[in-house]
Amino acid sequence: MATRKKPGTKREATRRSERGHPAVGKSQASTGLTLATALGLAPGSSSDTLAVPGQGPRHLDEANVARLGLISIQERIPPGYSSWEEEYNFLGKPVKLACYANEKVGGVPHGLDNEVSLALIATYLNAGSPDDGTFTTTPYQLLKLMGLDTSGYYYQALKESLMRLTTATYVLSEAWRADGRWQSVTFRFIDKLEYTSSRDERLDRSSVLRITLAKEIVRSLKNRYVKPIDIEFMASLHRPLSRALYRLLDAQRFSPEHPAPLTRFEVPLMEWAAACKIVHKRPDKIRRTLEPAHEELIARRYLRSVEYRGRGQNQIIVYVFGEEAGQPADPAALELLIAEGLSFTSAYSLARRYPLSRIQERIQRFQAILATGYRPKNKLGFLVDVIRDDTGKYTQALPATSRSSLARLEVKEAKRIEEEADEEWKSLPKEVQVRRTLQAAQLMLRTRISVGELEDLSRLMTEGRMDPKEVMDSLTKAFTSGHIEEWLQEMRERFAE
């Protein structure tokens, strides 16, 4: 992600926030969302939050905020754009939504505020979901969680975002789902904001934040009115517009009322513009606003296609979800696939697209075919084809296809899965590559590696002294060949340098 950098400022004093709350003392700084808690390794990490024991890191989004699109997907809004009011049909019923903001802090929440709000939800959950909605973190930790640069510019961008989320008031009429009923609510996303800053009131690496979320959001999160979200995939998208549209689309695809994910989603163009909080409502401008995000989401295979039907304001958008619109990779599925010899990147790609039950059933089918004496030309390519097959050609123990045809298919599938995995890996920001490599290390090494050693590994990769892909490949090779102890000893020697 391209970032602008500005000179950092030295912390010289503790200031009060613009809203007049007492400053947070230095002694209240906490470790917050560290590598250990993000991976579920630290004592006391909550099983309801990002880290689920036995399942690996998870990320959750509050379903109302995500589905109603309370934060405009637009990267930029016109100067002075400080309110919006929308009426449209939502889940088969009419709703009224409004936002009243302060133009002095950048108008209505938009763009980066989508990612900031999601990071705040994640940090609140990771803090153990305190009843009063209050948690302590730092700007540095939030920026790292979002995969953004921490050298200067984004500290100011984060402050502006926090101020928008603190000052904007939402008025929702019969649109907020709670306790099985539709409710009317009025709230600010951040109910209370306190922070320390430099003398010129800028956030920096040493700043501390104390944030209280709106009680409506807190109640919703504690009552588990949530949906899973693949925050790694979201962070890997290059455009803020794409990330915001991904969050909104995924909230329609997967909701608490309909746990089975949709394969397609149809919505009237004008209603979708209202849900996206697009400023200009002329049909051609709506389409132009959405086009860059559509292109990236199709290129990344989250969407298979986007089609417009009809004319003018009567147009319907038809979204067909693609292969990457899957759940975050299940660690149990990853372990099964790696044990069969697949690389971590290839296993990760398959585990994101298919549920654990399918992976287990297809591996059993694959093993049953091998047990009959069939010897594929490319074993891994054959395994991938068995997992991906939707035609039913492997319903029998022996494949009905001729062996020569299968051999060609096996080679093709082996090459395809590796090419797709490599392409996906290259598209990931370095932060995501590091996180994914740490996931692999935790999965394959388990208790053999300490939290401190994981921290060392993270540091060396982040500093560029070790390449995440090389670490991933060498670890997978050591795991499948039974040389984990030798690999770990070599790493420990590197840590000691």
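See the structure printed just above.
Residues numbered from 1 in each chain as written. Predicted model: local features only at pLDDT ≥ 70, side-chain atom pairs only at ≥ 80, totals over all residues. Heavy atoms only, no water.

Asker: Tell me about the sheet that holds strand β12 (residues 264–268), and name the residues and values.
Answerer: An order of β12-β14-β13 is seen for the 3 strands of this open sheet, with the pairing classed as antiparallel. Every interior strand has two partners, whereas the edge strands, β12 and β13 (303–309), have only one. Each neighbouring strand pair of the sheet contributes to a mean axis angle of 15°, computed without reference to strand direction. Looking at chain direction, β13 and strand β14 (residues 316–321) are connected through 6 bridges and run antiparallel. The partner of V306 across the bridge, within β14, is Y319. Most of the contacts of helix α8 (residues 240–253) go to β14, to which it runs at about 80°, and overall it touches β12, β13 and β14. Across the sheet, helix α10 (residues 283–299) touches β13 and β14, and the angle it forms with β13 is around 155°. (Pairing = 2+ DSSP bridges. Helix = DSSP H or I, 4+ residues; strand = E, 2+ residues; numbered from the N terminus. Axes fitted to C-alpha atoms, helices over the stretch in contact; angles between N-to-C directions. Contact = heavy atoms within 4.5 Å.)

Asker: Got a sec to walk through the nonpolar core? Specific residues and values, please.
Answerer: The tendency in soluble globular proteins is for nonpolar side chains to be buried side by side. Core analysis: the largest hydrophobic core is formed by 90 residues, its most contacted members being L120, L162, L172, W176, L249, W272 and L290. Residue contributions to this core peak at 8 residues, all from helix α3 (residues 113–126). Leaving out residues up to four positions away in the same chain, L172 has contacts with L68, L70, K96, L97, Q183, S184, V185 and F187. V432, L457, L460 and M466 belong to the second largest nonpolar core, which has 50 residues in total. (Core = buried A, V, L, I, M, F, W, Y, C linked by side-chain atoms within 4.5 Å. Buried < 20%, exposed > 50% of the residue type's maximum accessible area, 1.4 Å probe, protein only.)

Asker: Just give me the short version of helix α6 (residues 215–222), but keep the residues and values in it.
Answerer: An α-helical segment advances 3.6 residues per turn. Residues three or four places apart therefore align on the same side. When α6 is considered as a whole, its buried residues turn out to be E216, I217, V218, S220 and L221. Within two residues after α6, R224 carries a phi angle of roughly 65°, on the positive side.

Asker: Account for the packing of aromatic side chains, naming residues and giving values.
Answerer: Per the stated rule, a full pass over the model turns up 17 aromatic pairs. Sitting above the plane of the W182 ring, K93 keeps its charged end 5.0 Å from the centroid. The ring of F321 has R253 lying over it, and the distance from NZ or CZ to the ring centre is 6.0 Å. (Phe/Tyr/Trp six-rings, centres within 6.5 Å; stacked < 30°, edge-to-face > 60°. Lys NZ or Arg CZ within 6 Å of the ring centre and 35° of its normal.)

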